Amino acid sequence: MDKIIIVGNQPLKGSVAISGAKNAVLPIMTAALLADGVSHIHKVPDLRDTRTMVRLLEMVGAKTTYKNGTLSIDARGVDTPVAPYELVKTMRASFYVLGPLLSRLGVAKVSLPGGCAWGPRPVDFHLKGFEKLGAEITLESGYIQAKSKRLKGNNIRFDFPSVGATGNILMAAVTAKGTTVIENAAREPEIVQLARYLNKMGANISGIETDVLTIEGVEGLSPADITVIPDRIEAGTFLMAGAALGEVTLTDVEPSHLDIVLDKLDEAGATVSVGQSTITIKHGDVIKPVDMTTGVYPGFPTDLQAQWISLMTIADGSTVVTDTVYKDRFSHIPELTRLGANLQLENNTVFVRGQKFLIGAPVMSTDIRASASLVIGGLIAKGTTEIGRIYHLDRGYERLEEKFKKLGAVITRESE
Ligand code: EPU
């Protein structure tokens, strides 16, 4: 198992190119299953999760090639509507095949994802949505089976604007008969790009970027090409590190997707300058303590909560960080505490008391974003930090240690 070793407390300086967004590309890859032809997706990051999704697409009968960041998906042979437990348990986003397979083949059998490192993460909104579209849903031996000749449009209102449920229902509703209205839909940039991609394939979705999506069902979709949006969470991770340790310029980034994050960094005393597709961050003399509560887009992303806490561990005062999207996504707290951070967790709130410095220690990755927060913690800490189980990190970050090395970090990967 690989580990990352960091000799911390070194200044960061330079520029880093941001990769395509993991959470945008995964549903787009499954959307390609809707068309009886070959689609090309550009700027696909080489991640453990995109590789897992490629395996899943091939299992259902698609053929794929990946070259120079372009993934070509030939969905002509799609004929096996099954997503097995072995894959779904390693990546919840596998559940995104349900909508497209149901639409294309009238049946889909997808393993229930089960729990994950930070709690139950149910799929009830997805299933209620499919039922509303007329699918017959059954659970057998841990698998969800969904069946329907042709789905029928309906009005669906989510109790919470779930990213995954919005994407999955969109992909099923595009070919349903009649009109579907999704209320309280997610508005995350990744969902916006999915909806635009579906329209490019011939779907008729309106209300994109709002929380009410109206879908006029069409008979079928055609293949289409797309370039994946920049990963705002990868960008945010580098911004936090830059705010703690130096001057970093991000290129190939979409600043408008990071408005609230940039505001918070500015409040924390960093100097932020924004170009068309670049952001430069320079750390201030002190890191000011800034409270933060996560929210759905355009709120502060839960996927940057852990990294924000890492930055606040060395703020000049105390902060309160609350996650309203997930109530128990805090596996990084005991690990950051091992680096000397002063953190107290109560329900879904972390009380952070800023320290003058952190001190390196062996720590353990537990999920993608917790791992990223440990990398930032290790970069901040004096001495050596060893981060174990970094396959979690590799699920969502493309060559993270190489990118940090280019900025001057003393960071290496070791295979055991
Ligand atoms: N929820 C339900 N029922 C459902 C679906 C969601 O109760 O049927 C709840 C969840 O338990 C959670 C909240 O609704 O409390 C939001 O979950 P959501 O469905 O929006 O999350 P997701 O689609 O499973 C995606 C990202 C996550 C990101 C969240 C929130 C992908 C592949 N994953 O997950 O990304 O945290 O949206 O923005 O897009 C990551 O990249 O590290 C990651 C976990």
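Conventions used here
Starting afresh in each chain, residues are numbered from 1 along the sequence in its written order. Owing to the predicted nature of the model, reporting of local features is limited to residues with pLDDT of at least 70; listing and counting of side-chain atom pairs is limited to 80 or more, with chain, interface and lining totals taken over all residues. Computation of side-chain values covers all heavy atoms of the structure but excludes hydrogens and water. Relative accessibility thresholds used throughout: buried, under 20% of the residue-type maximum; exposed, over 50%; partly exposed, between the two (1.4 Å probe, protein chains only). Working definition: helices are DSSP H or I runs of at least four residues, strands are E runs of at least two. Numbering for both runs from the N terminus. Should DSSP find at least two bridges between two strands, the strands are taken to pair. Stacked, tilted and edge-to-face pairs are distinguished by plane angle, under 30 degrees for stacked and over 60 for edge-to-face with tilted covering the rest, among Phe, Tyr and Trp rings (Trp via its six-membered ring) whose centres lie within 6.5 Å. Domain ranges listed in this record stem from an automatic or a database domain assignment. Whether two residues are in contact is decided by their heavy atoms, any of which lying within 4.5 Å being enough. The term buried area means the drop in 1.4 Å probe accessible area that two parts suffer when joined, counted for both and summed. Any residue with a heavy atom lying within 4 Å of a molecule or strand is counted as near it. Polar contact is defined as a pair of N or O atoms within 3.5 Å, subject to the rule that within protein one atom must be able to donate a hydrogen and the other to accept it, and that residues adjacent in sequence are counted only when both atoms are side-chain atoms. Shrake-Rupley sampling with a 1.4 Å probe provides the accessible areas, and residues are treated as covered by the protein chains on show and by no other component. Note on charges: Lys and Arg go in the positive column, Asp and Glu in the negative column, and His and the chain ends are not counted at all. Basic side-chain nitrogens of Lys or Arg form a salt bridge, by our definition, when they fall within 4 Å of a carboxyl oxygen of Asp or Glu. Throughout, the protein atoms alone are placed on a 1 Å grid, and a set of points is a cavity if a 1.4 Å probe fits but cannot get out or a pocket if it is open with protein on both sides within 12 Å along at least five of seven lines; lining residues have an atom within 4 Å of a point. Grid points are joined across faces, edges and corners, and a volume is the space filled by probe spheres set on the points. Basically, the charged four are Asp, Glu, Lys and Arg, the nonpolar ten are Ala, Val, Leu, Ile, Met, Phe, Trp, Tyr, Cys and Pro, and anything else, Gly included, counts as polar. Here, axes are lines fitted to C-alpha atoms. For helices the fit covers the stretch in contact, and angles between N-to-C directions go from 0 to 180 degrees. Given a helix with a known number of residues, its expected span is that number minus one, times 1.5 Å.

## Focus on the pairing of strand E13 (residues 212–216)
Side-chain positions along a regular strand alternate between the two faces of the sheet. Burial of E13 is one-sided: the residues Leu213 and Ile215 facing one way are buried, the residues Val212, Thr214 and Glu216 facing the other way are not. Here five bridges tie strand E11 (residues 179–183) to E13, and the two strands are oriented antiparallel to one another. In the strand pairing of E13, Thr179 is matched with Glu216. With three bridges connecting them, strand E12 (residues 204–206) and E13 associate as antiparallel partners. When the sheet's bridge partners are listed, Ile205 is paired in E13 with Ile215. In this antiparallel pair of consecutive strands, E12 and E13, the connection spans five residues, and Gly207 shows a positive phi of 90°.

## Describing the packing of aromatic side chains
Scanning the model with the defined rule gives three aromatic pairs in all. Pairing Phe125 with Phe158 gives two aromatic rings, centres 6.3 Å apart and planes at 35°, and the pair type is tilted. Residue Phe125 is found in helix H5 (residues 124–132), and its partner Phe158 is found in the loop between strand E10 (155–157) and helix H6 (163–173); the two are separated by 33 residues along the sequence. Ring geometry for Phe238 against Phe404: centres 4.5 Å apart, planes inclined by 35°, an arrangement best described as tilted.

## Considerations on the domain arrangement of the protein
Taken domain by domain, the protein comprises domain 1 (2–19 + 230–415) and domain 2 (22–227). Computed over C-alpha atoms, the centres of domain 1 and domain 2 are 30 Å apart. Listed per partner, the contact involves 24 residues of domain 1 and 23 residues of domain 2. Of the roughly 1900 Å² buried at the junction of domain 1 and domain 2 (both faces included), carbon and sulfur atoms supply 53%.

## Concerning the site of the ligand
Taken together, 22 residues lie around the ligand, and Asp124, Ser162, Asp303, Val325 and Arg369 are the ones closest in. One nitrogen or oxygen atom from the main chain of Gly164 is found 2.7 Å from an oxygen atom belonging to the ligand. In the model, an oxygen atom of the ligand is placed 3.2 Å from a nitrogen or oxygen of the Tyr326 side chain. Compared with its free state, where it exposes 820 Å², the ligand has 87% of that area covered by protein. If you list the elements that add at least two residues to the shell around the ligand, you get helix H1 (22–31), H5, H6 and helix H12 (368–380).

## Some words on the side chain of Asp231
Here Asp231 shows up in the loop between strand E14 (226–227) and helix H8 (232–245). Buried charge Asp231 goes without a salt bridge, the closest partner of opposite sign being Arg369 at 5.2 Å. At 3.1 Å, the side chain of Asp231 forms a polar contact with the backbone nitrogen of Lys22. Dropping the residues within four chain positions of it, Asp231 is found in contact with Ile18, Ser19, Gly20, Ala21 and Lys22.

## With respect to empty space enclosed by the protein
Rolled over the atoms, a probe sized like a water molecule indicates the empty space that remains. In this structure the tally under the stated criterion is four cavities of 30 Å³ or more. Roughly 40 Å³ of internal volume is contained in the largest cavity. In terms of residue class, the lining of the largest cavity is made up of three nonpolar, three polar and four charged. Residues lining the lining of the largest cavity come from more than one domain, with at least three contributed by each of domain 1 (2–19 + 230–415) and domain 2 (22–227).

## Some words on the sheet that holds strand E19 (residues 318–322)
Backbone-to-backbone hydrogen bonds join strands into a sheet, with any given pair of strands oriented parallel or antiparallel. On the basis of which strands lie adjacent, the open sheet formed by four strands has the order E18-E19-E21-E20 and mixed pairing. Of all strands in the sheet, those bounded by a partner on one side alone are strand E18 (292–293) and strand E20 (342–346). By the bridge criterion, five bridges tie E19 to strand E21 (residues 349–353) in an arrangement that is antiparallel. Bridge pairing in E21 links Thr322 to Thr349. In the packing of helix H10 (residues 305–312) onto the sheet, contacts are made with E18, E19, E20 and E21, and the angle to E19 comes to roughly 175°.

## Remarks on the pairing of strand E16 (residues 271–274)
Strand direction decides the pairing type here: E16 and strand E17 (residues 279–282), joined by four bridges, are antiparallel. In the strand pairing of E17, Val274 is matched with Ile279. Counted between consecutive antiparallel strands, the loop separating E16 from E17 contains four residues.

## Quick notes on H8
Because the α-helix completes a turn every 3.6 residues, residues three or four places apart line up on one side. In a regular helix each residue adds 1.5 Å, so 14 residues correspond to 20 Å; H8 covers 20 Å between its end C-alpha atoms and thus fits that length. Of all 14 residues in H8, 14 are buried; the element is thus mostly enclosed. Structurally, the start of H8 carries an N-cap: the backbone nitrogen of Ile233 is 2.9 Å from a side-chain oxygen of Asp231.

## Points about the sheet that holds E10
On the basis of which strands lie adjacent, the open sheet formed by four strands has the order E10-E11-E13-E12 and mixed pairing. Unpaired on one side and paired on the other, E10 and E12 mark the two borders of the sheet. The mean angle between the axes of side-by-side strands here comes to 15°, regardless of whether they run parallel or antiparallel.

## Considerations on the environment of Thr319
Relative to the elements of secondary structure, Thr319 occurs in strand E19. For Thr319, a relative accessible area of 1% puts it in the buried group. Spatially, the C-alpha atoms of Thr319 and Gly8 are 23 Å apart, while their sequence positions differ by 311 residues. When residues no more than four places from it in sequence are discounted, the contact partners of Thr319 are Pro289, Val290, Asp291, Met312, Val350, Phe351 and Val352.

## Thoughts on the environment of Glu136
Checked against the element boundaries, Glu136 lands in strand E8 (residues 136–140). Separated by 232 residues in the primary sequence, Glu136 and Ile368 have C-alpha atoms spaced 34 Å apart. Every residue in contact with Glu136, bar those within four places of it in the chain, is listed here: Gln145, Ala146 and Lys147.

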